[in-house]
Amino acid sequence: KSKLNQWRSTQSVIEWFRGIENKENLSFIKFDIVNFYPSISLKLLTEALNFAKSIIDVNPNEIDIILHSRKTFLFLDETPWIKKENPDFDVSMGSWDGAECCELVGLYLLNQIELVFPHTNVGLYRDDGIGVVDLPGPDVERLRKKITKLFQDNSLKITIEANIKITTFLDVCFNLVNGTFKPYRKDNDKPSYINIQSNHPPHIKKQLPDMISKRLSTLSSSKEIFDNEIPIYTDALRHAGYNQQLQYKAEPSNPSVPRRRRKIIWFNPPFNQSVKTNIGGKFLNLIDKHVCK
């Protein structure tokens, strides 16, 4: 509804990068919100909710539920940790509800950034933001200061880089000089995969090389880049007992339109090779006996 670039996946960021024209004339500006979740205050979340109400219908009961769910507590050795301001308010990390609050506040911040930064050129993934500008050095520096002050006005701190041609974002390295992108991992991040002899479902182990190929292909702008990046992943697969070769999988020119998902409840029983009982069948029998009468 807001038409803002709030990304939920690496693929969305790649599509945004591909759509940028005249890349060689632009430079990146990238920022990271420091301690985003715990820094979200009651005031900031309330302002974000009011922003949402200006775009869609949000009834008071929904707002009450969202704010009531912020009453979380942390204990250590039977002693509660209490914030100095709004002691019973917190946007918790690791929960779906906390992530939704984070994204709502992110949209509110993006809406403010739009006043100083064209929204088609900037986007946000949770606490990481990136954009491109076609400005000389002094103007880029002024823009950097404006963005920093904008977050300060919302009681948030950021780290920010500006006027760069090559940068990493999520698990991709983007290059404005030649318009390419490639997979990114930290120097000490050595890939490791489940062993072929591990106690995992056979279809998972069978599909693992293909899944890795698809992922690396998505993160590579060309087959040449893919071929240059795969040696370390190939070695990790061989170390785990796999003999398959990683193959570049180009994206289809006419991607299929995703079907509308039906409302289905899936039951995935824990897998163990030593279990011979038909757990799934017994579960369905229980459903038939006690639920579907």
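Above this note sits the structure.
This section reports on the structure supplied with the text. (Residues numbered from 1 in each chain as written. Predicted model: local features only at pLDDT ≥ 70, side-chain atom pairs only at ≥ 80, totals over all residues. Heavy atoms only, no water.)

## Topic: the overall build of the protein chain
Basically, it comes down to this: Only DSSP runs of H or I covering at least 4 residues are called helices, and only runs of E covering at least 2 are called strands; the numbering of each starts at the N terminus. Only protein chains enter the area calculation, which uses a 1.4 Å probe; residues under 20% of their type maximum are buried, those over 50% are exposed, and those in between are partly exposed. Any pair of residues with heavy atoms lying within 4.5 Å of one another is described as a contacting pair. For the purpose of counting charges, residues Lys and Arg are taken to be positive, whereas Asp and Glu are taken to be negative. His and the chain ends are not included. For the purpose of locating charges, the reference atoms are NZ of Lys, CZ of Arg, CG of Asp and CD of Glu.
Scanning the protein chain for helices and strands turns up 10 helices and nine strands. By principal-axis analysis of the C-alpha atoms, the protein chain measures approximately 65 × 55 × 45 Å. Buried positions account for 33% of the 293 residues belonging to the protein chain. Taking contacts inside the protein chain between residues at least 6 apart in sequence as the whole, the part at least 24 apart equals 72%. Taking the 40 positively charged and 34 negatively charged side chains of the protein chain as two groups, their mean positions are separated by 7 Å.

## Remarks on the sheet that holds strand β8 (residues 172-175)
Strands belonging to one sheet form pairs held by backbone hydrogen bonds; the direction of such a pair is parallel or antiparallel. Cut-off, in case you're wondering: Between any two strands, at least two bridges found by DSSP are needed for them to pair. Angles shown run from 0 to 180 degrees and are taken between the N-to-C directions of axes, each axis being a line fitted to C-alpha atoms and, for helices, limited to the stretch in contact.
The antiparallel open sheet is built from three strands, whose spatial order is β7-β8-β9. Edge positions in the sheet fall to β7 (166-169) and β9 (180-183), since each of these pairs with one other strand and no more. For this sheet, the mean inter-axis angle between neighbouring strands, taken without regard to orientation, is 20 degrees. As paired elements, β7 and β8 share four bridges and run antiparallel to each other. Pairing of Thr-167 across the sheet is with Phe-174, part of β8. Sheet contacts for helix α1 (residues 10-18): β7, β8 and β9; angle to β8, the most-contacted strand, approximately 5 degrees.

## So, the packing of aromatic side chains
Stated precisely, the cut-off is as follows: What counts as a ring pair is set by centres within 6.5 Å for rings of Phe, Tyr and Trp (its six-membered ring), and what kind of pair is set by the plane angle: stacked under 30 degrees, edge-to-face over 60, tilted for all other angles. A ring is scored as having a charge over it whenever the NZ atom of a lysine or the CZ atom of an arginine sits within 6 Å of its centre and within 35 degrees of its normal.
Counting across every chain of the model gives nine aromatic pairs. Geometrically, the ring pair formed by Trp-7 and Trp-16 is tilted, given 5.2 Å between the ring centres and 50 degrees between the ring planes. Considered together, Trp-7 and Trp-16 belong to a single accessibility category, that of buried residues. When the ring of Phe-174 is compared with that of Phe-181, the centres are 6.2 Å apart and the planes differ by 55 degrees; the resulting orientation is tilted. You can call Phe-174 buried: its relative accessible area is 0%. On the accessibility criterion, Phe-181 (3% relative accessible area) is buried. In this structure, Lys-23 is placed above the aromatic ring of Phe-17, and the distance from its NZ or CZ to the ring centre is 5.2 Å. Sitting above the plane of the Tyr-125 ring, Arg-126 keeps its charged end 5.8 Å from the centroid.

## A look at a nonpolar patch on the surface
Worth spelling out the cut-off: Surface patches are defined over residues having more than 30% relative accessible area and no salt bridge, joining like charges when they lie within 9 Å and nonpolar side chains (Val, Leu, Ile, Met, Phe, Trp, Tyr) when within 5 Å. For accessible areas, the Shrake-Rupley method is used with a probe of radius 1.4 Å. Any residue's cover is judged against the shown protein chains and nothing else. By definition here, a salt bridge exists when the distance from a side-chain nitrogen of Lys or Arg to a carboxyl oxygen of Asp or Glu is within 4 Å.
Taken together, the side chains of Leu-74, Leu-76 and Trp-81 present a nonpolar region at the surface, about 350 Å² in accessible area. Judged by its relative accessible area of 56%, Trp-81 falls in the exposed class.

## Quick look at unusual backbone geometry
In this structure, Lys-3 takes a positive phi of about 65 degrees despite not being glycine. Along the chain, Lys-3 falls in the segment before α1. Here Lys-3 falls in the exposed class, since its relative accessible area comes to 68%. Phi angles above zero are rare outside glycine, and Arg-126 is one such case at about 50 degrees. In this structure, Arg-126 sits in the loop between β4 (122-125) and β5 (128-133).

In short, shape yes, function no, at least from these values alone.
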